[in-house]
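Notes for the structure review
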Amino acid sequence: MRFSVLASGSTGNSIYVENDDYAFIVDAGFSGKKMEQLFTKIDRNMKKLNGILVTHEHSDHIKGIGVLARKYSVPIYANAKTWQAMDGLVGEIPVEQRFEFEMDTVKHFGSLSIESFAVSHDAADPMFYTFHEDGRKLVIITDTGYVSDRMKGIIRGADSFVFESNHDVNMLQMGRYPWSIKRRILSDVGHVSNEDAAIAMSEVVFEKQTNIYLSHLSKDNNMKELARMSVAQTLQSCGIIAGEYVHLFDTDAEEPTRLVTV
């Protein structure tokens, strides 16, 4: 199993996951043209895509879904409430390409198993995914206001995490956003901060080689270096030294990460 965070940030999000037989993306939050460019950068062909897994209906996660569905006849997977919420936002998608992937279920694609789980976000029915193959586990979790004990139980022990580290609380509080938006981001249905992300991660990583890709960084209320430093310091305060067996990686709002094996 291999993956690349194609791009992640306030303006758009998409993550590529493949094994030897199947290829998926989680969300397509960019224009069709931008998605094609990102695929070219990881040397992959969108014609070989087996599905797009939708997490929720916000535009930075679904912007390119309709275009890609129609151009490449790719299947789209989402739960019923998200399909309802996407109506009118993604254009017409042929019924034979519309598949339901309900909350708290597992779908099997050959040796690859994909599990959906609920998160806490201000969307119709938001959910994210874990990928399993041959005892290896990849977790993708962004766009959640907090990480519940139930979420922690589902994601615990992964070999690789794509984990939200959205904002620095001080930058957000002192920044230019109106209070209504600040309150939404800080709420239980908003986004997790650098520190809260690290505290959650400290409770789900095992003492084994684990890679954490800090994702969905706010362009106004965070910086890569700050996120990495804040997460490393918080992990250390929880007894985990970054670089010992936990390794932190940046993601970018425009460029994909290297395609790596889980």
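You'll find the structure just up there.
For the structure given in this document, a descriptive report is provided here. (Residues numbered from 1 in each chain as written. Predicted model: local features only at pLDDT ≥ 70, side-chain atom pairs only at ≥ 80, totals over all residues. Heavy atoms only, no water.)

1. Quick notes on unusual backbone geometry
The bulk of non-glycine residues show a negative phi, and the bulk of peptide bonds are trans. Put simply, the test is: Secondary structure elements are taken from DSSP: a helix is a run of H or I of four residues or more, a strand is a run of E of two residues or more, and numbering for both begins at the N terminus. Relative accessibility decides the category of a residue: with a 1.4 Å probe and only protein chains considered, values under 20% of the type maximum give buried, values over 50% give exposed, and everything between is partly exposed.
Of note in this structure, Ser73 is not a glycine but carries a positive phi near 55 degrees. Unlike most non-glycine residues, Asp143 shows phi in positive territory, near 55 degrees. Residue placement: Asp143 occurs in the loop between strand S10 (136–141) and helix H5 (149–155). Looking at Asp143, the relative accessible area reads 1%, which means it is buried.

2. Some remarks on the sheet that holds strand S12 (residues 210–215)
The criterion, for reference: Strand pairing is assigned whenever DSSP detects at least two bridges linking the two strands. Interaxial angles span 0 to 180 degrees and are taken between N-to-C directions of axes, which are lines fitted to C-alpha atoms, for helices over the stretch in contact.
The seven strands are arranged S7-S8-S9-S10-S11-S12-S13 in an open sheet whose pairing can be described as mixed. The strands lining the two open edges of the sheet, one partner per strand, are strand S7 (106–109) and strand S13 (246–250). The mean angle between the axes of side-by-side strands here comes to 20 degrees, regardless of whether they run parallel or antiparallel. Bridge count between strand S8 (residues 112–118) and strand S9 (residues 127–133): six bridges; the pairing is antiparallel.

3. Thoughts on helix H3 (residues 65–72)
What counts is decided by this rule: We call two residues in contact whenever any of their non-hydrogen atoms come within 4.5 Å of each other.
Along H3, the residues that are buried comprise Ile65, Gly66, Leu68, Ala69 and Tyr72. In the core, the buried residues of H3 are packed alongside strand S3 (23–26), helix H1 (32–41), strand S4 (51–53), helix H2 (59–62) and strand S5 (76–78). Once H3 finishes, Ser73 follows within two positions and takes phi at roughly 55 degrees, a positive value.

4. A word on the packing of helix H8 (residues 194–202) against helix H9 (residues 224–237)
Note the threshold: Angles below 35 degrees are treated as roughly parallel, those above 145 as roughly antiparallel, those between 65 and 115 as roughly perpendicular, and all remaining angles as oblique. Put simply, a crossing is left-handed when the front helix is turned counterclockwise from the back one by less than a right angle, and right-handed when it is turned clockwise.
At a minimum axis distance of 8 Å, the contact between H8 and H9 shows a crossing angle of 45 degrees. Relative to H9, the element H8 lies oblique. Both H8 and H9 take part in a crossing whose hand is right-handed. Every residue of H9 that contacts H8 at Asn194, Glu195, Ala198, Ile199, Met201 and Ser202 is listed here: Leu226, Ala227, Ser230, Val231, Thr234 and Leu235.

5. Regarding H8
Those residues of H8 lying buried are Asn194, Ala197, Ala198, Ala200, Met201 and Ser202. Contacts made by the buried residues of H8 are with H5, strand S11 (160–164), S12 and H9.

6. So, the layout of surface pockets
Rules: Both site types are read off a 1 Å grid over the protein atoms alone. A 1.4 Å probe that fits but cannot get out defines a cavity, while an open set with protein on both sides within 12 Å along at least five of seven lines defines a pocket; lining residues have an atom within 4 Å of a point. Grid points are joined across faces, edges and corners, and a volume is the space filled by probe spheres set on the points. For this scheme, ten residues count as nonpolar: Ala, Val, Leu, Ile, Met, Phe, Trp, Tyr, Cys and Pro. Four count as charged, namely Asp, Glu, Lys and Arg, and the remainder, Gly too, count as polar.
Quantified by volume, the largest pocket comes out at close to 270 Å³. Lining the largest pocket are 18 residues, with Ser10, Tyr177, Arg184, His191 and His216 positioned closest to its centre. A breakdown of the residues in the lining of the largest pocket according to their chemical character gives three nonpolar, nine polar and six charged. A volume near 190 Å³ is recorded for the second largest pocket. Ser8, Leu217, Ser218, Lys219 and Ala253 are the residues nearest the centre of the second largest pocket, which is lined by 13 residues in total. In terms of residue class, the lining of the second largest pocket is built from three nonpolar, seven polar and three charged.

7. Focus on the packing of H1 against H3
Direction vectors running N to C along H1 and H3 enclose 70 degrees, while the axes themselves pass 8 Å from each other. Judged on the interaxial angle alone, H3 and H1 are roughly perpendicular. Contacts from Gly32, Met35 and Glu36 in H1 reach Val67, Leu68, Lys71 and Tyr72 in H3. For the contact of H1 with H3, the class distribution of residues is four nonpolar, one polar and two charged.

8. Digging into the pairing of S10
Buried residues dominate S10, accounting for five of its six residues. With five bridges joining them, S9 and S10 adopt antiparallel strand pairing. Counted as the bridge partner of Tyr129 is Ile140 from S10. Between S9 and the antiparallel strand that follows it, S10, lie two residues; Asp134 among them carries a positive phi value of about 50 degrees. Bridge analysis of S10 against S11 gives four bridges, and the strand direction is parallel. Looking across to S11, one finds that Val139 is bridged to Phe161.

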